[in-house]
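Coordinates in review
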Amino acid sequence: MQNAFHGRTMATLSATGNRKVQAGFEPLVAGFVRAPFNDIGAIEAIAKNNRNVAAILVEPVQGEAGIVIPDSGYLQALRKICNRNDWLLMLDEVQTGMGRSGKLFARQHEAIIPDVMTLAKALGNGVPIGACVCAGVATDVIQPGKHGSTFGGNPLACRAAYTVLDYMIENGIAEQAAERGTQLFEALQLGLADNVQVAAMRHLGLLLAVELKQPCQALVSLALEQGLLINVTADNVLRLLPPLIMNQAQTAELAAKLIDCISHFTG
Ligand SMILES: Cc1ncc(COP(=O)(O)O)c(C=O)c1O
């Protein structure tokens, strides 16, 4: 998808829809057709043109692009198109998965089952591990032993991921993320209601964005002075991915400090 981000390994960098991160790494892997995100008509047009498509790769919510949340029904519509055309549906849940969106996986908001789902980041809670999870017909594409890497599937990382998953499910971390996400979003909405610099605010669980009307990279160091680690992606979007285990008081403190930073930001 346009503006997508799928990481920096060669094929996924090629699939990424952002020229800025691809620059300097050419030649890229060929074979990707890009469509605008959240535009079912564009995908239908590709299907109609009978392009030789194998799969759709998509983030359930575009993270690096600035927490771009598609219309409800988008993922379901993609699932239907894939079924109809015999394409695989591959969801990149690296950023949205593991409770971040308020459900264990963001796909659960639309109750769809992808053929392939990628996971990483919170999967090992700091221990490096990524996973490519396959179901149905996708399981026949790569047989055991056909693909691998030196540390792929190593017992230490797998044990860490297993323990993290167990902990998350047993302790309702996704549900907690949904509650804290609502609390943080409502506090920001209230505190920034009169701020003329704010163009839009979005959230799904603890994936939050405050979009300003101007580039706001300088906010990163302003926030650091307050003891906050934040990120500005897409030039003018403050992207917030706070800890999933934040309690109510910490959420209130985060909201207050952020509102203060944004209120004092002059560009
Ligand atoms: C949506 C998404 N996919 C994949 C990745 C993984 O990137 P990498 O393979 O470079 O670790 C990221 C990292 O930020 C991401 O946000």
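Structural data are supplied above this passage.
We now turn to the structure provided with this report. In this text, all values refer to a predicted model and were calculated from it rather than measured experimentally.

Let's shift gears to the environment of V21. In this structure, V21 sits in helix α2 (residues 19-22). With 13 residues separating them along the chain, V21 and R8 place their C-alpha atoms 8.3 Å apart.

What follows deals with the sheet that holds strand β4 (residues 131-134). In space, the four strands of this open sheet follow the order β1-β2-β3-β4, with mixed pairing throughout. Unpaired on one side and paired on the other, β1 (55-58) and β4 mark the two borders of the sheet. On average, adjacent strands in this sheet sit at an angle of 15° to one another, irrespective of strand direction. Across three bridges, strand β2 (residues 88-92) lies against strand β3 (residues 116-119) in parallel orientation.

Right, let's talk about the nonpolar core for a bit. A general feature of soluble globular proteins is that nonpolar side chains tend to end up buried together. Grouped together as the largest cluster of nonpolar side chains are 40 residues, with contacts concentrated most on L188, V210, L219 and L238. Of all the elements in the fold, those that place two or more residues in this core are β3, α5 (155-170), α6 (173-191), β5 (198-204), β6 (207-212), α7 (219-225), β8 (237-240) and α8 (248-264). For this core, the element with the highest residue contribution is α8, accounting for six residues. For this core, the two domains that each supply at least three residues are domain 1 (10-170) and domain 2 (173-264). Grouped together as the second largest cluster of nonpolar side chains are 19 residues, M1, I56, V58 and L75 included.

Here the focus is the packing of aromatic side chains. Working definition: an aromatic ring pair is given by the centre-to-centre distance plus the angle between the planes. Taken as a whole and assessed by the stated rule, the structure comprises one aromatic pair. Ring centres 5.4 Å apart and planes at 75° place the aromatic pair F37 and Y74 in the edge-to-face group. Of this pair, F37 sits in the loop between α2 and α3 (40-48) while Y74 sits in helix α4 (residues 74-85), placing them 37 residues apart in sequence. Note on Y74: relative accessible area 2%, which makes it buried.

Packed helices, taken two at a time, are described by the angle between their axes plus the distance between the axes. It is at 9 Å that the axes of α6 and α8 come closest, and there the two elements cross at 30°. Classed by the angle they form, the pair α6 and α8 counts as roughly parallel. Relative to α8, the crossing made by α6 is right-handed. Side by side, α6 and α8 meet where R180, Q183, L184, A187, L188 and G191 of the first sit next to Q248, T251, A252, L254, A255, L258 and I259 of the second. Residue classes in the contact of α6 with α8 are distributed as eight nonpolar, four polar and one charged.

All residues adjacent to the ligand are F5, H6, G7, R8, E59, D92, V94, Q95 and K121. Separating an oxygen atom of the ligand from a side-chain N or O atom of Q95 is a distance of 2.7 Å. One nitrogen or oxygen atom from the side chain of K121 is found 2.8 Å from an oxygen atom belonging to the ligand. The fraction of the free accessible surface of the ligand (390 Å²) that becomes covered by protein chains is 73%. Taken together, the residues of the shell around the ligand sort by class into two nonpolar, three polar and four charged.

Burial runs high along β6: five of the six residues are buried. The hairpin turn running from β5 into β6, its antiparallel successor, is two residues long, and G205 in that turn takes a positive phi close to 60°. Two elements, β6 and β8, share four bridges in a ladder whose sense is antiparallel. Of the residues in β8, the one forming a bridge with V210 is L238.

Procedures and definitions
Residue numbers restart at each chain and count upward from 1, following the sequence in its written direction. With the structure being a predicted model, the display of local features is reserved for residues of pLDDT at least 70 and the display and counting of side-chain atom pairs for 80 or more, all residues being used for whole-chain, interface and lining totals. By convention in this description, side-chain values take in all heavy atoms of the structure and omit both hydrogens and water. Runs of E in the DSSP output that reach at least two residues are strands. Runs of H or I that reach at least four are helices, and both are numbered from the N terminus. By definition, two strands form a pair when at least two bridges between them are found by DSSP. Only C-alpha atoms enter the line fits that serve as axes; for helices the fit covers just the stretch in contact. Angles between N-to-C directions range over 0 to 180 degrees. In this description, a nonpolar core means a group of buried Ala, Val, Leu, Ile, Met, Phe, Trp, Tyr and Cys residues linked to one another through side-chain atoms lying within 4.5 Å. Three labels apply to residues, based on accessible area from a 1.4 Å probe with only protein chains included: buried if under 20% of the type maximum, exposed if over 50%, partly exposed otherwise in between. By convention here, the domain bounds are inherited from an automatic or database domain assignment. Between rings of Phe, Tyr and Trp, where Trp is taken as its six-membered ring, a pair exists when centres lie within 6.5 Å; planes separated by under 30 degrees are stacked, by over 60 edge-to-face, and by other angles tilted. Small angles under 35 degrees read as roughly parallel and large ones over 145 as roughly antiparallel, with 65 to 115 read as roughly perpendicular and the rest as oblique. What makes a crossing left-handed is the near helix being turned counterclockwise from the far one by less than a right angle; a clockwise turn instead makes it right-handed. Contacts are residue-level and defined by heavy atoms, with any inter-residue pair within 4.5 Å sufficient. Classification convention: Asp, Glu, Lys, Arg as charged; Ala, Val, Leu, Ile, Met, Phe, Trp, Tyr, Cys, Pro as nonpolar; all other residues, Gly among them, as polar. The criterion for a residue being near a molecule or strand is simple. One of its heavy atoms has to lie within 4 Å of it. Under this definition, polar contacts are N or O atom pairs within 3.5 Å; protein pairs additionally need one hydrogen-donor-capable and one acceptor-capable atom, and for neighbouring residues in sequence, both atoms have to be side-chain atoms. Using a 1.4 Å probe, accessible areas were evaluated by the Shrake-Rupley method; residue-level cover was limited to the displayed protein chains.

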